[in-house]
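# Inside the fold
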There are 2 protein chains.
Amino acid sequence: MTTAQNRIKGSLAVVGLGPGAADLMAPRARAALEAAEVVVGYRTYLDLVRDCLNPASEVLASSMMQEIDRCRTALALAGQGKKVALVCGGDPGIYAMAGLVFELAQAADADLPIDVIPGIAALNACAAILGAPLMHDFAAISLSDLMTPWELIERRLEAVAAADFVVVLYNPKSKKRTDQIVRAREIMLAHRSPTTPVGIVSGAAREHETVRLTTLDRMLGEEIGMQTTVIVGNSQTFVWRDRMVTPRGYGRKYGL
Amino acid sequence: MTTAQNRIKGSLAVVGLGPGAADLMAPRARAALEAAEVVVGYRTYLDLVRDCLNPASEVLASSMMQEIDRCRTALALAGQGKKVALVCGGDPGIYAMAGLVFELAQAADADLPIDVIPGIAALNACAAILGAPLMHDFAAISLSDLMTPWELIERRLEAVAAADFVVVLYNPKSKKRTDQIVRAREIMLAHRSPTTPVGIVSGAAREHETVRLTTLDRMLGEEIGMQTTVIVGNSQTFVWRDRMVTPRGYGRKYGL
């Protein structure tokens, strides 16, 4: 055994909490929270899992928009030998913090075990609530242009609108960003019928969950905010008894 | 109370088991399996959850490729007043059976509660195993042309390759279908560097899990089969210490 192997080393688990309901968080995530000496996260997400935390764990809650500090803190504590859990809403690997953790670990040349524990992401949870809108090829696009040039986002919207993908829009709107969803709808409308089904879910699997089924034509009349995910159907998507369904192709091939 | 409300009615839960490891299945899915009077599913998936099944439940296992029969059976039993769980690997809403259930329910004008219980899909699980490849806009495309015209699949590959999406390829290859992955790689290579990172995961989160990191150039040298998911990076995706990472843009915006 080398010295390095004998040294007590910390570790970092990047833990996905799922959409918010306790019974949609994987047992592996719960176990990682219970095993952590330090739990780091955004206050709102930590509040969702207070019951799972070990009373002996140190809890470091931060405000929104402090992702870089949060990830740096988690890596630094793990580097000092602590067993750290960094909590993310949904799935850490989909518009959450897993990537930033690796970017920062690379920048610091951090030599420690980093484990990503996947979760049920907003796209999985919202699809289930709406019915089955993601049953055929789909694309996920964030409308936030904070770190991505808007031209690239438009190019992506255009590409998937033209190629008839179901489209999941993350970060559709915030108090300061209100134009992006208007433009996204215009781009989709250039390729799809105004009656294309659109599902709008806010606060999925939480107490304040709201679900609305509308159309491309009418979608801007609905409330869309920071916690909203918007799913735009493809040319085959239909609504049946308040469920949004994209057929896979069984009907065409086999008759049903 | 109307007669309809008094009538004992069945229900159908379409349950996502997650990728296969017991500790990646949501408690809500486990509860639905335990509560079911009848559990219907493909034999391989049922074998993964034998421990969760209620000994009093009737279990109807079927072979592969019998999705329509399986869904019809589940709907018929629920229509007869049974509490039925239909199990799916991964997430029922992503290339699994939730859509087919609604299509068949519509065809039969079935009036019963249908609940989709989301799960950790292959894309979530494979991304976590690989590192953080899905941290920016991505598309999921199935290469199976059994029910989708190959021309449409090519059009979609072309669209997302050109617009620099990370791409998750489902059903990349089977014994009979071996050309699609070759053509998909060609399309990606027309728009991306040969050194673009590619992650290949087979049997994610199961005992026989294998993980390989390669490049667009070399990917065809790796074993790819029915249980394989292939993730092709975008122009920014990099590999650091055997982890595949797509940056979100923090580095460019803030410096890290």
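For the rest of this paragraph, the subject is the interface of chain A and chain B. Facing 80 residues of chain A, the contacting portion of chain B comprises 80 residues. The interface formed by chain A and chain B includes 10 salt bridges. In this structure, Asp109 of chain A and Arg241 of chain B form a salt bridge, with 2.9 Å as the shortest nitrogen-oxygen distance. Inspection of the chain A/chain B interface yields 31 residue pairs in polar contact (both at pLDDT 80 or more). Per-class residue counts for the side of chain A that touches chain B are 50 nonpolar, 13 polar and 17 charged. Across three bridges, strand S7 (residues 138-142) of chain A lies against strand S7 (residues 138-142) of chain B in antiparallel orientation. Note on S7 of chain B: the bridge partner recorded for Ala139 of chain A is Ala139 of chain B.

Nonpolar side chains in soluble globular proteins generally cluster together in the buried interior. In terms of nonpolar packing, the biggest core is built from 48 residues, with Leu169 of chain A together with Leu169 of chain B touching the most fellow members. Apart from residues no more than four positions distant in its own chain, Leu169 of chain B is found in contact with Ile141, Leu143, Leu157, Ile181, Ala184, Thr228, Thr229, Val230 and Val232 of chain B. Leu123 of chain A together with Leu123, Val168 and Val201 of chain B belong to the second-largest nonpolar core, a separate cluster that totals 46 residues.

Two modes of strand pairing occur in sheets, parallel and antiparallel, and in both the strands are linked by backbone hydrogen bonds. With mixed pairing, the 10 strands of this open sheet are ordered in space as S10(A)-S9(A)-S11(A)-S8(A)-S7(A)-S7(B)-S8(B)-S11(B)-S9(B)-S10(B). The sheet terminates laterally at strand S10 (210-215) of chain A together with strand S10 (210-215) of chain B, the two strands that pair on one side only. On average, each strand axis in the sheet is tilted by 15 degrees relative to the strand beside it, whichever way the strands run. Sheet topology places strand S9 (residues 197-202) of chain A next to strand S11 (residues 228-232) of chain A; five bridges connect them, and they run antiparallel. For Ile200 of chain A, the partnering residue across the bridge sits in S11 of chain A and is Val230 of chain A.

Both copies of the chain are placed relative to one another by a rotation about an axis and a shift along it. Laying chain A over chain B is done by rotating through 180 degrees and shifting 0.0 Å along the axis; what remains is an RMSD of 0.0 Å. This pairing of chains is accounted for by a two-fold axis. Distance from the rotation axis, computed per C-alpha, reaches its smallest value in chain A at Ala139 of chain A: 2.0 Å.

A turn of α-helix holds 3.6 residues, and therefore any two residues three or four places apart point the same way. Given a rise of 1.5 Å per residue, 13 residues ought to cover 18 Å, and the 18 Å separating the end C-alpha atoms of helix H7 (residues 150-162) of chain B matches this to within 8%. For H7 of chain B, the full list of buried residues reads Trp150, Leu152, Ile153, Arg156, Leu157, Ala159, Val160 and Ala161 of chain B. Buried positions along H7 of chain B lie against helix H7 (150-162) of chain A together with S7, strand S8 (166-170) and helix H8 (180-189) of chain B. Asp164 of chain B occupies a position one or two residues after H7 of chain B and carries a positive phi of about 60 degrees.

This part covers the confidence of the model for chain A. Detail in the predicted coordinates should be disregarded across regions flagged by low pLDDT. For chain A, per-residue confidence averages 94 on the pLDDT scale, and residues scoring 70 or more make up 96% of the total. Two numbers describe this predicted complex: its pTM, 0.96, and its ipTM, 0.96.

It is worth spelling out a nonpolar patch on the surface at this point. Together, Met65 and Leu146 of chain A together with Tyr254 of chain B make up an exposed nonpolar region whose accessible area comes to about 330 Å². You can call Tyr254 of chain B partly exposed: its relative accessible area is 44%.

Residues and elements named next belong to chain B. Taken in spatial order, the five strands line up as S3-S2-S4-S1-S5 in an open sheet, and their pairing is parallel. Bordering the open sheet on either side are strand S3 (58-62) and strand S5 (114-117), each of which pairs with just one other strand. Going across the sheet, the axis of each strand differs from the next one's by a mean of 20 degrees, ignoring polarity. Of the strand pairs in this sheet, strand S2 (residues 38-42) and strand S4 (residues 83-88) are connected by three bridges, and their pairing is parallel. Opposite Val40, over in S4, you have Leu86 as the bridge partner. Sheet strands in contact with helix H2 (residues 27-35) are strand S1 (11-16), S2, S4 and S5, and its direction is about 140 degrees off that of S1.

What counts and how
Residues numbered from 1 in each chain as written. Chains lettered and ligands numbered in written order. Predicted model: local features only at pLDDT ≥ 70, side-chain atom pairs only at ≥ 80, totals over all residues. Heavy atoms only, no water. Contact = heavy atoms within 4.5 Å. Salt bridge = Lys/Arg side-chain N within 4 Å of Asp/Glu carboxyl O. Polar contact = N/O pair within 3.5 Å; in protein donor to acceptor, adjacent residues only side chain to side chain. Nonpolar A, V, L, I, M, F, W, Y, C, P; charged D, E, K, R; others polar. Pairing = 2+ DSSP bridges. Helix = DSSP H or I, 4+ residues; strand = E, 2+ residues; numbered from the N terminus. Core = buried A, V, L, I, M, F, W, Y, C linked by side-chain atoms within 4.5 Å. Buried < 20%, exposed > 50% of the residue type's maximum accessible area, 1.4 Å probe, protein only. Axes fitted to C-alpha atoms, helices over the stretch in contact; angles between N-to-C directions. Least-squares fit on C-alpha atoms with pLDDT ≥ 70 in both. Expected span 1.5 Å × (residues − 1). pLDDT = per-residue confidence, 0-100. Patch = residues over 30% accessible without salt bridge, like charges linked within 9 Å, V, L, I, M, F, W, Y side chains within 5 Å. Areas by Shrake-Rupley, 256 points an atom, 1.4 Å probe, with all protein chains shown as cover.

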